[in-house]
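Letter by letter, the chains look like this.
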Amino acid sequence: MRPLKTLSAVTLSALALAAVAAIAPARPAAAADAICYNCPPEWADWGAMLKAIKADTGIDVPQDNKNSGQSLAQILAEKASPVADVAYLGVTFGIKAKDAGVTQPYEPKGFADIPEGLKDKDGNWFTIHSGTLGLFVNKDALGGAPVPACWADLLKLEYKGLVGYLDPTSAFVGYVGAVAVNGAMGGSFDDFKPGIEYFKKLQANQPIVPKQTSYARVVSGEIPILFDYDFNAYRAKYNEKGNFAFVIPCEGSVVVPYVMTMVKGAPHPEAAKKVLDYVLSDKGQAMWAKAYLRPARNIALPPEIASRFLPAADYARAKPVDYARMETAQKAFSDAYLNNVK
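Residues numbered from 1 in each chain as written. Predicted model: local features only at pLDDT ≥ 70, side-chain atom pairs only at ≥ 80, totals over all residues. Heavy atoms only, no water.

Draft legend 1. Spatial organisation of the overall build of the protein. Helix and strand counts for the protein come out as 14 helices and 10 strands. In terms of its C-alpha atoms, the protein occupies a principal-axis envelope of roughly 55 × 45 × 35 Å. Within the protein, contacts between residues at least 6 apart in sequence are counted, and of these 78% link residues at least 24 apart. Averaged over its 36 positive side-chain charges, the protein has a centre that lies 1 Å from the centre of its 34 negative ones. (Helix = DSSP H or I, 4+ residues; strand = E, 2+ residues; numbered from the N terminus. Contact = heavy atoms within 4.5 Å. Lys, Arg positive; Asp, Glu negative; His and termini not counted. Charge placed at Lys NZ, Arg CZ, Asp CG, Glu CD.)

Right, dumping it as structure tokens:
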């Protein structure tokens, strides 16, 4: 992986100002707690994972509904007196956190099994699982419109008011959606114009743009189509009442890892290490697989889970990207989006 650029103080200040104001203060941890920023129970089945950690280790990790940008902003704001012990972040935010000096190295058990390129060599961040970005669709909420097959379909009038995506200037999954769209439209990390033009056109269809994970809003039908990961769509399809689908758009998409990091100066370091060990353990990785996530370590997917994914031919349209380059391009995209779309 190429050398990573350090964020400037101006960049970090802008990030903090953009997100910290909206974040409620974190509650103090009890003696046995480990505090995780961005461990939302409705995302990636963190709810089940937190219960398993409590049952197997005795460590209580409270639920937390921040997104990646909000989590990093609060960690930066609390740098002099950290509250969080660990954080779960989109890979670009993990890189930013390391560059900002708010992580500390830790190599959990299983760290050596994570492929190169999916971890910081010193353990400042490491992948725990990955997902494929596509369209999470509540078919019953489409009002007669067909299930879309392509990114371009969403620009059609019949999808007016039916499409949602998380704010790409704040939520990591929102930025992933922007990277996917931009690449599908012919753009690159040096050229976000195709993606910006797509979002400008999509504004005519009155998209819903929340900042937080919106799984429940898709399940309820409030957001019929959401730019989201396969694991959330499969969770709904096989565990919720309703009629749900996952679509990897015909023009292509991306595969992206999610990482964890130990916060520098973590107030409960031993509990934090046990949490990080757990999510990379055989049991933890199997739990991610059961939640339809691709584990970071090379463990076999249970047959009953593997059979529920879209065919390999569909997944061939989703590609990995240069995640370090994705990180360095993020601010330029955010600025372009804010200046041209919002």
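This is not the end of the story, as more comes after the structure.
Draft legend 2. Focus on the nonpolar core. Grouped together as the largest cluster of nonpolar side chains are 108 residues, with contacts concentrated most on W46, Y88, F227, Y229 and M260. At 8 residues, helix α5 (residues 172-184) tops the list of elements feeding residues into this core. M260 has contacts with C36, W46, V86, A87, Y88, N124, W125, F126, I128, L276 and V279, leaving out every residue within four places of it along the chain. (Core = buried A, V, L, I, M, F, W, Y, C linked by side-chain atoms within 4.5 Å. Buried < 20%, exposed > 50% of the residue type's maximum accessible area, 1.4 Å probe, protein only.)

Draft legend 3. Up close: the packing of aromatic side chains. Within this structure, the stated rule accounts for 29 aromatic pairs. A ring pair is formed by F199 and F227, whose centres lie 6.5 Å apart and whose planes are at 45°; its orientation type is tilted. With F199 in helix α6 (residues 193-202) and F227 in strand β6 (residues 225-229), this pair connects stretches of sequence that are 28 residues apart. Residue F199 shares its accessibility class with F227, and that shared class is buried. Both rings, one in Y292 and one in F309, keep their centres 6.3 Å apart while their planes meet at 65°; by these two values the pair is edge-to-face. Of the two residues, Y292 sits in the loop between α10 (282-290) and β9 (294-295) while F309 sits in the loop between α11 (303-306) and α12 (312-315), which places them 17 residues apart along the sequence. Of the residues examined, Y292 reaches a relative accessible area of 2% and is grouped as buried. (Phe/Tyr/Trp six-rings, centres within 6.5 Å; stacked < 30°, edge-to-face > 60°.)

Draft legend 4. Here's a closer look at the state of the cysteines. Counted according to the given criterion, the structure contains 2 disulfides. Each sulfur of the disulfide joining C36 and C39 lies 2.1 Å from the other. Judged by the sign of its S-S torsion, about 55°, the cystine formed by C36 and C39 is right-handed. Under the relative-accessibility criterion, C36 is labelled buried at 2%. Here C150 connects covalently by a disulfide to C250, the sulfurs 2.0 Å from one another. In this structure, the disulfide formed by C150 and C250 twists by about 120° around the S-S bond and is classed as right-handed. With C150 in the loop between β4 (126-138) and β5 (163-164) and C250 in the loop between β7 (244-247) and β8 (253-263), the pair connects residues that are 100 residues apart, well separated along the chain. Looking at C150, the relative accessible area reads 15%, which means it is buried. (Disulfide = S-S within 2.5 Å.)

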